[in-house]
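In case you want the letters, here they are:
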Amino acid sequence: MKNERVISIEDSNPNFSFTIDGLYFFQGFQVIEAYKNEECYYAFYYKNQFLLGKKTTKIKRNSTLAKILTQGVYIPSPHPLLDSFTSKHPLQQFPTLNITWKKINKTYPKAEAAYILTAFDCYIKKEKLLSIVKDICLQFRRDGDFLNAYRILRLVVEKYPTNEWARSLISHLDYHKYSLHYQSNPVTLLNYDPLYAENQLYSNKESAQSFHLLQKKLRSESREQECLALYFDRLTKETHHFSELFHEFLELLSTTYSEQESFSILQSLYKETTSTENKAMVHIQFLSILWTSKQYKEIFTVLAQHQEPLSKAQIDLFLKVLHHLGPSYSIPFELINTRNLVHAVKEQLEQLMLILIPRLFVKNNITYVYKWLKPLLHLPLDSFQTIKIMYQIQEEPDQQFYMGQLYYQLDQLPQAVECFLWDIEMNPSSSKPIKWLIKVYRELGMLEESKSYQHLYKLVQKSS
């Protein structure tokens, strides 16, 4: 079961909470889809300003809401971008539609207010909505403002293509000179009619030019969260220009969110990115955030539990982390997916094994070490050949002298001592294990034991 994001209405008494399903961005609108007791609610924002919340039992097929839900950029719950949006733009008590319209009519220019009103065409009868919009258009005409009158007519024709009143009036000669401007290139249109241009850019956002022009407009209006949502959506689908887009995304991310928030967003992007190459790029980036903040244990955990084999760069980072954590860090070997190290080059493997093999033997026997290393044992490393031989002969009494030598090669001196002592029990007249014990005890700093076996060695030599 996924983690549910619950949101409450500010200043609501009693507290009124919803479970959020997702967030949509489309043509200036942000819409939260939420549920309470299996009833569906939609909360409408316009350019990050809360407008209206409505319980919704039915969505009209060609309504603006239907278009938002089918063509908008969707951020599912749970998601750090959604969390950020709801924390910065909390829900407020749901006003009536009449109160909302009065506020819109007072706050926004008339042409933009008419556009916003069409977002509620699931909740207003079409005839009433068109009557309000028509009155605005006619008022513009009476005031001699033919440009805004034309904008209203375009709005109606695009929203309701079969409307005869708008279709007949828009072709009037009074509006011909304005219609020519709407055939301009997107850059010119942005200056002439920003609202209409944004809608067109949204509809054509798959085009690189439209996408970047849309980003520029949104940033000019401080709509960075919407910018990031658009980047996020594109990056999860884009394969050809991922690197360029990802660089732009990171630049925007760094100026909008904290390191911890950026890390969460990059983790979500990593999970939703399909290309292995692109995933590696995202992975390295969110690890760099952890590195900057010296969160070495967190980096270790991320790399250890990585779902795919680590790249050469990731293995280099893994080595750096192990060095920073130092010998006092108790490595949780059970967390490490050993198969992830198969792409390490020989030099990297040698460095890794110099760190890992001694630490493996601290609390584990040769059987555990062998099984932990098994995914790597086909690789050409001397220490791996040693481990394989040790695993095969570990229970053979006549091979304990050899086992002791192999433990010594791996710098596992206490285990080497045990093997040489076992061999002395099996072969009390042999001086070879005694000679090794003298050497090993000396290296362990156990000088008294070393002297004792020197004495024993002389006795064995005399009796032979």
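Residues numbered from 1 in each chain as written. Predicted model: local features only at pLDDT ≥ 70, side-chain atom pairs only at ≥ 80, totals over all residues. Heavy atoms only, no water.

**A closer look at the overall build of the protein**
In step 1: A tally of helices and strands in the protein yields 24 helices and six strands.
In step 2: In terms of C-alpha radius of gyration, the protein reaches 35 Å, well past the compact-globule figure of 23 Å for 464 residues.
In step 3: Seen through its C-alpha atoms, the protein measures out along the principal axes to roughly 125 × 50 × 30 Å.
In step 4: Across the 464 residues in the protein, those meeting the buried criterion constitute 49%.
In step 5: Considering only contacts in the protein between residues 6 or more positions apart, those separated by 24 or more positions represent 55%.
In step 6: Accessible surface computed for the protein: about 24,200 Å², of which carbon and sulfur atoms make up 51%.
In step 7: Side chains of the protein give 53 positive and 49 negative charges; the mean places of these two sets differ by 5 Å. (Helix = DSSP H or I, 4+ residues; strand = E, 2+ residues; numbered from the N terminus. Rg over C-alpha atoms; globule rule 2.2 N^0.38 Å. Buried < 20%, exposed > 50% of the residue type's maximum accessible area, 1.4 Å probe, protein only. Contact = heavy atoms within 4.5 Å. Areas by Shrake-Rupley, 256 points an atom, 1.4 Å probe, with all protein chains shown as cover. Lys, Arg positive; Asp, Glu negative; His and termini not counted. Charge placed at Lys NZ, Arg CZ, Asp CG, Glu CD.)

**Some words on the confidence of the model for the protein**
In step 1: Of the residues in the protein, 97% reach a pLDDT of 70 or more, and the chain-wide mean stands at 91.
In step 2: Within the protein, the lowest mean pLDDT, 65, falls on strand β1 (residues 5–8), and the highest, 97, falls on helix α4 (residues 110–117). (pLDDT = per-residue confidence, 0-100.)

**Examining the pairing of strand β5 (residues 49–55)**
On any regular strand, side chains alternate: one points to one face of the sheet, the next to the other face.
In step 1: Of the pairings in the sheet, the one linking strand β4 (residues 39–46) to β5 comprises six bridges and is antiparallel in character. Looking across to β5, one finds that Y42 is bridged to K54.
In step 2: The hairpin formed by β4 and β5 contains two residues between the paired strands, and K47 there has a positive phi angle of roughly 50°. (Pairing = 2+ DSSP bridges.)

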